Amino acid sequence: GGSDDLLRRMMRLFIEDAPSHLDAIRMAVKEGSPQRVQRSAHALKGASANFAADAVVQSALALERAGAEGQLDQTDALESSLERNVATLVDGFRQYLAS
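About the cut-offs
Residues numbered from 1 in each chain as written. Predicted model: local features only at pLDDT ≥ 70, side-chain atom pairs only at ≥ 80, totals over all residues. Heavy atoms only, no water. Helix = DSSP H or I, 4+ residues; strand = E, 2+ residues; numbered from the N terminus. Contact = heavy atoms within 4.5 Å. Salt bridge = Lys/Arg side-chain N within 4 Å of Asp/Glu carboxyl O. Axes fitted to C-alpha atoms, helices over the stretch in contact; angles between N-to-C directions. Parallel < 35°, antiparallel > 145°, perpendicular 65-115°, else oblique. Left-handed = near helix turned anticlockwise from the far one by under 90°. Phe/Tyr/Trp six-rings, centres within 6.5 Å; stacked < 30°, edge-to-face > 60°. Buried < 20%, exposed > 50% of the residue type's maximum accessible area, 1.4 Å probe, protein only. Expected span 1.5 Å × (residues − 1). Polar contact = N/O pair within 3.5 Å; in protein donor to acceptor, adjacent residues only side chain to side chain.

Colleague: Explain the environment of Phe 93 here, please?
Modeller: Note that Phe 93 resides in helix H4 (residues 75–98). The spatial distance from the C-alpha of Phe 93 to the C-alpha of Asp 5 is 13 Å, given a sequence separation of 88 residues. For Phe 93, the residues in contact, after removing those within four places along its chain, are Met 11, Phe 14, Ile 15 and Phe 51.

Colleague: Sorry if this is basic, but what is going on with the pattern of salt bridges here?
Modeller: Within the structure shown, the criterion is met by five salt bridges. Between Asp 4 and Arg 8 there is a salt bridge, with the nearest N and O atoms lying 2.7 Å from each other. Taken together, the residues Asp 4 and Arg 8, both in helix H1 (residues 4–30) and four residues apart, mark about one turn of the helix. Beyond isolated ion pairs, a larger network of salt bridges with shared partners links Asp 23, Arg 26 and Glu 83.

Colleague: I would appreciate a short explanation of the packing of helix H3 (residues 54–68) against H4 in the present structure.
Modeller: Geometrically, a packed helix pair is captured by the angle between its two axes and the distance between the axes. Packing of H3 against H4 leaves a shortest axis separation of 9 Å and a crossing angle of 155 degrees. Viewed along their axes, H3 and H4 adopt a mutual orientation that is roughly antiparallel. For the pair H3 and H4, the sense of crossing is left-handed. For the pair formed by H3 and H4, the contact residues are Ala 55, Val 56, Ser 59, Ala 60, Ala 62, Leu 63 and Ala 66 on the first element and Thr 75, Leu 78, Glu 79, Ser 81, Leu 82, Asn 85, Val 86 and Leu 89 on the second.

Colleague: Got a minute to help me understand the packing of aromatic side chains in this structure?
Modeller: In total, this model carries three aromatic pairs according to the counting rule given. Arranged with centres 4.7 Å apart and planes meeting at 55 degrees, the rings of Phe 51 and Phe 93 form a pair that is tilted. Of the two residues, Phe 51 sits in the loop between helix H2 (34–49) and H3 while Phe 93 sits in helix H4, which places them 42 residues apart along the sequence. For the residue pair Phe 51 and Phe 93, the accessibility class agrees, reading buried in each case. One aromatic cluster in this structure is built from Phe 14, Phe 51 and Phe 93.

Colleague: Hey, could you run me through H4 in this one?
Modeller: A turn of α-helix holds 3.6 residues, and therefore any two residues three or four places apart point the same way. Helix length check: H4, at 24 residues, gives a terminal C-alpha distance of 34 Å against a target of 34 Å (1.5 Å per residue), a fit within 8%. Those residues of H4 lying buried are Thr 75, Glu 79, Leu 82, Val 86, Leu 89, Val 90 and Phe 93.

Colleague: Is there a simple way to think about the environment of Thr 75 in this case?
Modeller: Examined against the element boundaries, Thr 75 turns out to sit in helix H4. Exposure remark for Thr 75: the relative accessible area of 0% places this residue in the buried category. Through-space distance from the C-alpha of Thr 75 to that of Ala 62 is 8.9 Å; in sequence the pair is 13 residues apart. Among the polar contacts listed, one links the side chain of Thr 75 to the backbone oxygen of Leu 72, at a separation of 2.8 Å.

Now the structure itself:
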């Protein structure tokens, strides 16, 4: 329960920020920086947790763990899953905002 205005502002902020989080994850993987993968995935996980967006949270958590464990060789599938889940969430937000 809360303000619809606040929800809409939070959705817009997520829509604006999600691409930079995804870009940061991609760059960190490309540069072989597990710590940056971990931090970037953690930030995206936190932002999506505000909406109880479990699919995004779980995908980001998997990447966060891969970064923590230095397992960047497994991240292609994890990145793809995260990108799909973020796209689905953003599409849902855009539909809500258009209503």
